[in-house]
Amino acid sequence: MRTITRLAALAGILLSAAPVGADTAVPGSRLSIVLGDREPAGADHVSDLALAALQTAVDGAPGDRTARFALVRALMRAHKLDAALTAAKAWRAVDAYNLVVVRLIGDIQSELGQRDLARRAYSAVVELLPKDASAHRALASVLKQAGDLQGAYDRLIVAAAMTKDDRRLAFELADVANRLGKADEARERFAAIVADPTTPEAVRYPSAQRLAQIDHAAARAARAAGEADRAKELEAGLAALKLAGGTENDIKVYLTWDTDRSDVDLWVTSPAGEKVFYSHKNGKDGEALYDDVTTGYGPESYTAPHAQAGDYLVQVNYYGAGRSNFSEARGEVVVILDEGKATESRHVLPYRLYDTGQTVTVARVHVDRHAVALGGSK
Amino acid sequence: MITAKLVSIRWAFLRRSFAGALALSLAACGGAPKMASTAPAPVSAPVAVMPADLAPMTLELEVVTARGDLAVLAAGDDWKPVAAGARIAGARELRTGRRGAIISLGRGDAAGRLWLRANSRVRLGQNASGVHLAVIAGEARLRRKDAALPVAIDGAPVIGDLILDARADGKTDRTRVGARPELATWAIALEQVETGAGVGRMEAQAGDKTEPLALARVTVRVRTDGDMATTEVEHVFHNPADGAPREGTFRFPVPDGAMLIGMAMEIDGKLMEGEIVEREKAREVYESIVDKMEDPALLEWEQGNWFKLRVFPIEAGKDKRVVIRYTQPLSRGAAGFAYDYALAIDDAQAKAGAAQPIGEFALIVDGKEVSHESQLAGGLDLSVPIAPDKVPAAMTEARADGSYTAIRIHPDAAMFQAPAVSGPRKVAVVIDTSRSALEGKALALTLARQTLAELGPADQFAVLGADVTIAPATKDFVPVTPAAIDQAMAAIAAIEPDGASDLGLALDAVAALHPSEVVYVGDGIPTWGETGADPLAAKALAIHAPISAALVGKGASSALWTDLAGRTGGRTQVVRRADDAAQFALALADAPQVPRVVAAKVEVAGAELVFPTATSTVWAGDELVALAKTETGKPPTEAVLTAIVNGKPVRQTIHISAVAEPNVARRWARDQIASLEAASGDKDTIVKLSQDFGVLSRYTSLLVLENDEAYKQHQIERKQQELAAATPAITGGDLDSLGARQASLSPDEIQPGDPEIKIPAPRDARSVVVTFPFGETKLAEWDAEVDAWMVRFLIDNQTPDGEYQARVTITHADGRVETTTLSYTVDTQAPAMKLTVTRIAGGYAITARQLASGGSRRKDADRVEITLPDGTSLMLDQIERGKFTGIWWTAPVSGASLRVVVRDNALNQAAQELVIQ
């Protein structure tokens, strides 16, 4: 199942985002992760004949955005990145303010390893729509995928200032702050989301989970430092959150995506072959999916409090798109192993789905019967 | 019974406003148009101050551009028309007609370049000392480089770029273009193919083609209130086509700085007033009605200063009447306030495919017809002087929601920062290369090139491309050469606009260069990195150099850069067209030499919101207008101007005595809307402000429906109709619409003489009789030329000074009798002034205060002019009635003697000597 990503060129860019291509196991844990694909298998199979047909379609109808998009995408899938960049720039020359092509150019430059050029191209999105919160948010998603967490944070700050009542956006910002190591800020942001009575439950619950993770880690640190009173205070707060399954779980998975017009689903299949997803939200071993979001951004979260030995498949399915003809879904899956425990590890896995109905396996979580010995390896 | 003395008085009037018989009847609005369109500049020879040994020009003149009629007086006494491209030998005088011309003085501008405004006249000649020039009517611009052959005006050699105005005493007023670049607008416009706002175009669909409809009639009615003018342009288009009705698209250019406040369209013979409606709702209503084939019209902003209106139907063989209404500040020229109207109908229509004349054109200002033309082609350029006493120092308008006050502020001499020490300039130019710069790229490059070309040979420049990264186009600072400019521009042109705008990064990069000046060219909106106004201002101040910004692009915003320029002593200009770019470049050319007030900010006691909210730069000769909102019925009585001089804060208290005038609230609302739009403010608030004050915003459109029921059906309140009804009418001067009689006697402060009274009674009145205070009764006569009853009377030399009233009795055709009174003041006393001189950094501040004299406490002085030792003149600014100030920028000149000439409204004049201690 180990897959060499087609996006190996991105390795440098994504270094901070995903430990590409390696099984990882934390000593003392019985769980390990094997990274999967970023995009559906077989997406790169595009014949020269098909490319020629797409080029002919563009030549015949230069104003047809669908044809332009199909050509650029096909060239990218076929790893003809220079040709894809040429085709994308030719498209932008006649469709100067189309944000789809702006993003494609950034994608191609990213894959070519042209990090600064990609950043410049991507940033044009907010230059053209400086007062559009969704543009800043979409760009944040792209920057996250490209490993530029600080850039993503800056965009989310701007977007959040424009749409103060958007609790999902607030969640995303808190999450990025957390990943940047701004634990205090993240805690404050998650706590504000949880405390707000207008927050939808679908956002409040994962926010409470994140808050609990931060406080649980803080309580553990306090105990280790001999600060019993502080630890007690934090634990009291955790209890007040009344989280099902508490703050220590074997596997936790979060799914987010980048637009408000698409429905992407998280599927997690247990070693017994039981798939937990939107129409089967609770597994027989206590696994639970929370919540099925059908209007965009997520988050959806999966919890397995007591993982069974064997392999858990973590997959993302593109269920449906909204108005755009060019909609693809991209986002992140965050896998947390040994949540709340000393052996906790986190894995951020970007994914990209081109068409509805597609599924990508982003990771396999392997569960041993016994923990890996300290100092050993899987 | 007209004595020689009376004739001389009359002549003085004529010289003051040289459009002949029209002069006196127009003087109520300040005088005749500077460029009357009905006739070329006067052919008789006015006085000019020129050397006695002057010979005709030996230098050959070349006509670069002639937009209208241009004539030359060379050998003999015959004026000969000349066209573009002509070379003229032996010239003595030049004069223009409706529009202006550009003349090269000697081949390759050997002695400079001369722009002549419409209906202007210039005398030229040469002697051993060089070329001598005098503007004897109208206005001109002279631009001379250091190396040009010498040119003298009023006997003194001149250099640089100057606006020249004719004066009554034969001398020529001079104003540096760098200080007041807006004064050169008409000259820059002469260089453009298409210029001039003021009239709309209608195109109609005919099969697959669109064709322009002829303008059968254009009537422009203007009403001035304080320092604002409201202009109503009535267009009557004719559809000559047979057959089915056609759909038309009407486009209208609003002049720069104007607020579009209303629109009306004739439907079924009735003029229906448009209403300001939230934009999306307006579109929905419009579309729903179009589907029913009824008669709506929707006016929306199209681009730049153009608005677009779809009109349906235009019946075959019928006329369509569309009225557009806007308000704008009066222009402040070197000679005072004026209403300007420029029209380039030929050029505009040429672009649309057909240069058709306007069947009939009329311009009426404050009830007085200024211009009336039939078959008008070739456009025109009019400037109607407005008397200074019609523009109060403060104006206020009370509404239920507050009192709104406009305060014209003239900073004291102590507020001015002295001109920078002369020396080579190091100018850093930042050019926006972000994605939003795509459309404005060509204009931005043109502007940058023009700006750099204005620098001197000893100056240096650096150019940076800026988006999310910085791309230097020069290696540090380089000398100003054509090749270096080409190279830098080529480097910027090669950058494909992309990415966002990290202005903080750009300011940091500029700071590292240590420039003496900074120029930013771009849309002005920070979208990446630091975007907060205060942190960016801190970065700007760290550069320690004036920052000027040319804001280019469809979405350009001046909100941030106005503040940055204000804090650092720079200038901001929104640049939409090539002539804006030229104006910006001219302003920058002279910038270091022009005194200015830096970081000017106005605080008004008791005001909840004062505009401008940002800091401003106030240039010498200019004024700052503050707009304040206070509690209803409680207009402010005091304002404080603060500024920074050489790093130290200074303040000036201004006492306010505001006069009631309309349109002040609208000005405040426009600034408030702009402020909210720049800050992405709440849309509903902006829409409400727009509707309440009758000012269009980006979220509102003007919608015309076919009758009152239609508005009611779509739940659209008739606010505009109410506002239009409440606003003083703009009238052509017919007696019925005037209400209170507005007979005019001008000037209303007069010396003994034979002034003329105009009474706008109906033509068919049985009689119009004027009874004078001395018992004399005179019968007025109908004057078809001015469309009014006129009577002239004598004020003899023995008449004591004082106020008098004449009584006007009108007997109408139906026997009805109406009366009105007319006040005038006889004044033979020249004003006495107290002069004070204060040494300031870089020069002397001179203040003149009028003293009570001859038992009169009236403050009627209207002009104080000082002749400086080098022969040039310094005109003091009137900052309140009877008080004038100005700055003479010079090194210390102990013992210098200056001649001060003071004049009052009645043209009484006195001279005093002022010795600098």
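Quick look at the overall build of chain A
Next up, step 1: Helix and strand content of chain A: 12 helices and 11 strands.
Next up, step 2: Residue burial in chain A is summarised as follows: out of 378 residues, 47% are buried.
Next up, step 3: Expressed as a percentage of contacts within chain A between residues at least 6 apart in sequence, the contacts between residues at least 24 apart total 62%.

Quick word on the overall build of chain B
Next up, step 1: Within chain B, the regular secondary structure consists of 16 helices and 64 strands.
Next up, step 2: For chain B, the residues scored as buried account for 50% of the 917 residues in total.
Next up, step 3: Taking all contacts inside chain B whose residues are at least 6 apart in sequence as the whole, residues at least 24 apart take part in 68%.

Side note on helix α5 (residues 99–111) of chain A
All names here are of chain A.
Next up, step 1: Between the first and last C-alpha of α5 there are 18 Å, a value that for 13 residues agrees with the 18 Å anticipated at 1.5 Å per step.
Next up, step 2: Summarising burial for α5: 12 of the 13 residues are buried, a large majority.
Next up, step 3: Those residues of α5 not exposed but buried are V100, V101, V102, R103, L104, I105, G106, D107, I108, Q109, S110 and E111.
Next up, step 4: Backbone geometry just after α5 places G113 at a positive phi near 80°.

As for the nonpolar core
Next up, step 1: Core analysis: the largest hydrophobic core is formed by 222 residues, its most contacted members being V429, V430, L447, V521 and A626 of chain B.
Next up, step 2: Here this core gets eight residues from one element, more than from any other, and that element is helix α11 (residues 578–590) of chain B.
Next up, step 3: Apart from the residues lying within four places of it in its own chain, the contact partners of L447 of chain B are V521, A550, V552, V575, A581, F584 and A585 of chain B.
Next up, step 4: Core analysis: the second largest hydrophobic core is formed by 61 residues, L128, L139, L173 and V194 of chain A among them.

Quick word on the packing of helix α9 (residues 533–541) of chain B against helix α10 (residues 559–568) of chain B
Residue and element names in this part refer to chain B.
Next up, step 1: The geometry of α9 relative to α10 is characterised by a closest axis approach of 10 Å and an angle of 35° between their N-to-C directions. At the point where α9 passes α10, the crossing takes the right-handed sense. Here A533, L536, A537, A540 and L541 of α9 lie close against α10, whose contacting residues are L560, D563, L564, R567 and T568.
Next up, step 2: Within the contact of α9 with α10, the residues separate by chemical class into seven nonpolar, one polar and two charged.

Quick look at the domain arrangement of chain B
Interface size is commonly expressed as the accessible area that is lost once the parts come together.
Residues and elements named next belong to chain B.
Next up, step 1: Taken as a whole, chain B is organised into domain 1 (4–16 + 733–825), domain 2 (33–190), domain 3 (201–390), domain 4 (394–416 + 597–660), domain 5 (426–593) and domain 6 (832–915).
Next up, step 2: With 19 residues of domain 2 at the interface, the matching set in domain 3 holds 17 residues.
Next up, step 3: Looking at the side of domain 2 that touches domain 3, its residues break down into eight nonpolar, five polar and six charged.

Remarks on the packing of helix α8 (residues 149–162) of chain A against helix α9 (residues 167–179) of chain A
Residues and elements named next belong to chain A.
Next up, step 1: At a minimum axis separation of 9 Å, α8 and α9 run at an interaxial angle of 150°. In terms of axis orientation, α8 runs roughly antiparallel to α9. For the crossing formed where α8 meets α9, the hand is left-handed. Where α8 abuts α9, its residues L149, A152, Y153, L156, I157, A159 and A160 lie against L169, A170, E172, L173, V176, A177 and R179.
Next up, step 2: Tallied by class, the residues present in the contact of α8 with α9 amount to 12 nonpolar, no polar and two charged.

Examining the sheet that holds strand β44 (residues 638–645) of chain B
All names here are of chain B.
Next up, step 1: Taking strand neighbours across the sheet as the criterion, the four strands line up as β42-β40-β44-β45 in an open arrangement whose pairing is antiparallel. Two strands bound the open sheet, and with one partner strand each, they are β42 (616–619) and β45 (648–655). In this sheet, adjacent strand axes meet at a mean angle of 40° when their direction is disregarded.

A short note on the environment of D862 of chain B
Next up, step 1: In this fold, D862 of chain B is placed in strand β59 (residues 861–867).
Next up, step 2: A sequence separation of 20 residues divides D862 of chain B from G882 of chain B, and the C-alpha atoms of the two residues are 7.8 Å apart.

Structural notes on the pairing of β42 of chain B
Residues and elements named next belong to chain B.
Next up, step 1: Because side chains alternate across β42, one face comprises the buried residues S616 and V618, and the other comprises T617 and W619, equally buried.
Next up, step 2: Where strand β40 (residues 596–604) lies against β42, three bridges are found, and the strand directions are antiparallel. In the strand pairing of β42, V597 is matched with V618.

What to know about the interface of chain A and chain B
Next up, step 1: Contact residues are listed per partner, giving 12 residues for chain A and 15 residues for chain B.
Next up, step 2: Partitioned by chemical class, the residues of the side of chain A that touches chain B number six nonpolar, one polar and five charged.

Quick look at unusual backbone geometry
All names here are of chain B.
Next up, step 1: For the peptide bond that leads from F611 to P612, omega is 0°, which places it in the cis range.
Next up, step 2: Residue position: P612 is located in the loop between β41 (609–611) and β42.
Next up, step 3: Within the chain, H514 stands out as a residue other than glycine whose phi angle is a positive 55°.
Next up, step 4: Inspection of the secondary structure assignment puts H514 in the loop between α8 (503–511) and β37 (517–522).

Some words on helix α11 (residues 201–224) of chain A
Next up, step 1: The end-to-end C-alpha separation of α11 of chain A is 34 Å, in line with the 34 Å expected for 24 residues at 1.5 Å each.
Next up, step 2: Just past α11 of chain A, the residue G226 of chain A takes up positive phi, approximately 80°.

Details of the domain arrangement of chain A
Next up, step 1: Examined at the domain level, chain A breaks down into domain 1 (8–42 + 249–367), domain 2 (48–153) and domain 3 (164–241).
Next up, step 2: Opposite the 10 residues of domain 1 of chain A that make contact, domain 3 of chain A presents nine residues.

What about the confidence of the model for chain A?
Next up, step 1: Mean pLDDT over chain A stands at 82; residues scoring 70 or higher make up 85%.
Next up, step 2: Within the model, the stretch residues 1–22 of chain A combines pLDDT values under 50 with 44 contacts to residues more than four positions away or in other chains.

Focus on the sheet that holds strand β57 (residues 832–840) of chain B
Residue and element names in this part refer to chain B.
Next up, step 1: Reading across from one edge, β57-β58-β62-β61 is the order of the four strands in this open sheet, with antiparallel pairing throughout. A single partner strand is all that each edge strand has here, and the edge strands are β57 and β61 (877–880). Across the sheet, the axes of successive neighbouring strands diverge by a mean angle of 25°, strand direction being ignored.
Next up, step 2: Bridge analysis of β57 against strand β58 (residues 843–851) gives nine bridges, and the strand direction is antiparallel. Among the inter-strand pairings, K834 is bridged to a residue of β58, identified as R849.

Examining the pairing of strand β30 (residues 380–385) of chain B
All names here are of chain B.
Next up, step 1: Taken across its six residues, β30 has six buried, putting it largely inside the fold.
Next up, step 2: Burial along β30 is two-sided: L380, L382 and V384 and D381, S383 and P385, pointing in opposite directions, are all buried.
Next up, step 3: By the bridge criterion, six bridges tie strand β27 (residues 336–343) to β30 in an arrangement that is antiparallel. Bridge assignment links D340 to a residue of β30, and that residue is S383.

Section: the environment of M790 of chain B
All names here are of chain B.
Next up, step 1: Position of M790 among the secondary structure elements: in strand β54 (residues 788–792).
Next up, step 2: Along the chain, M790 and Q450 lie 340 residues apart, while their C-alpha atoms are 53 Å from each other.
Next up, step 3: Apart from the residues lying within four places of it in its own chain, the contact partners of M790 are E756, I757, K758, A780, E781 and D783.

Some thoughts on the confidence of the model for chain B
Residue and element names in this part refer to chain B.
Next up, step 1: Averaged over all residues, the pLDDT of chain B is 80; the fraction at 70 or higher stands at 85%.
Next up, step 2: Every residue in residues 346–354 is under pLDDT 50, and counting partners more than four places away or in other chains gives 22 contacts.
Next up, step 3: Confidence over residues 727–743 falls short of pLDDT 50; this stretch has 34 contacts with residues more than four positions distant or in other chains.
Next up, step 4: Taken over the whole predicted complex, pTM reads 0.72, whereas the ipTM for its chain interfaces reads 0.75.

Considering the environment of E661 of chain B
Next up, step 1: Topologically, E661 of chain B is positioned in the loop between β46 (659–660) and α12 (664–678).
Next up, step 2: The partly exposed category is assigned to E661 of chain B, around which 19 C-beta atoms lie within 10 Å.

What counts and what doesn't
Residues numbered from 1 in each chain as written. Chains lettered and ligands numbered in written order. Predicted model: local features only at pLDDT ≥ 70, side-chain atom pairs only at ≥ 80, totals over all residues. Helix = DSSP H or I, 4+ residues; strand = E, 2+ residues; numbered from the N terminus. Buried ≥ 20, exposed ≤ 12 C-beta atoms within 10 Å, placed from the backbone. Contact = placed C-beta atoms within 7 Å. Expected span 1.5 Å × (residues − 1). Core = buried A, V, L, I, M, F, W, Y, C linked by C-beta atoms within 7 Å. Axes fitted to C-alpha atoms, helices over the stretch in contact; angles between N-to-C directions. Left-handed = near helix turned anticlockwise from the far one by under 90°. Nonpolar A, V, L, I, M, F, W, Y, C, P; charged D, E, K, R; others polar. Domains from an automatic or database assignment. Parallel < 35°, antiparallel > 145°, perpendicular 65-115°, else oblique. Pairing = 2+ DSSP bridges. pLDDT = per-residue confidence, 0-100.

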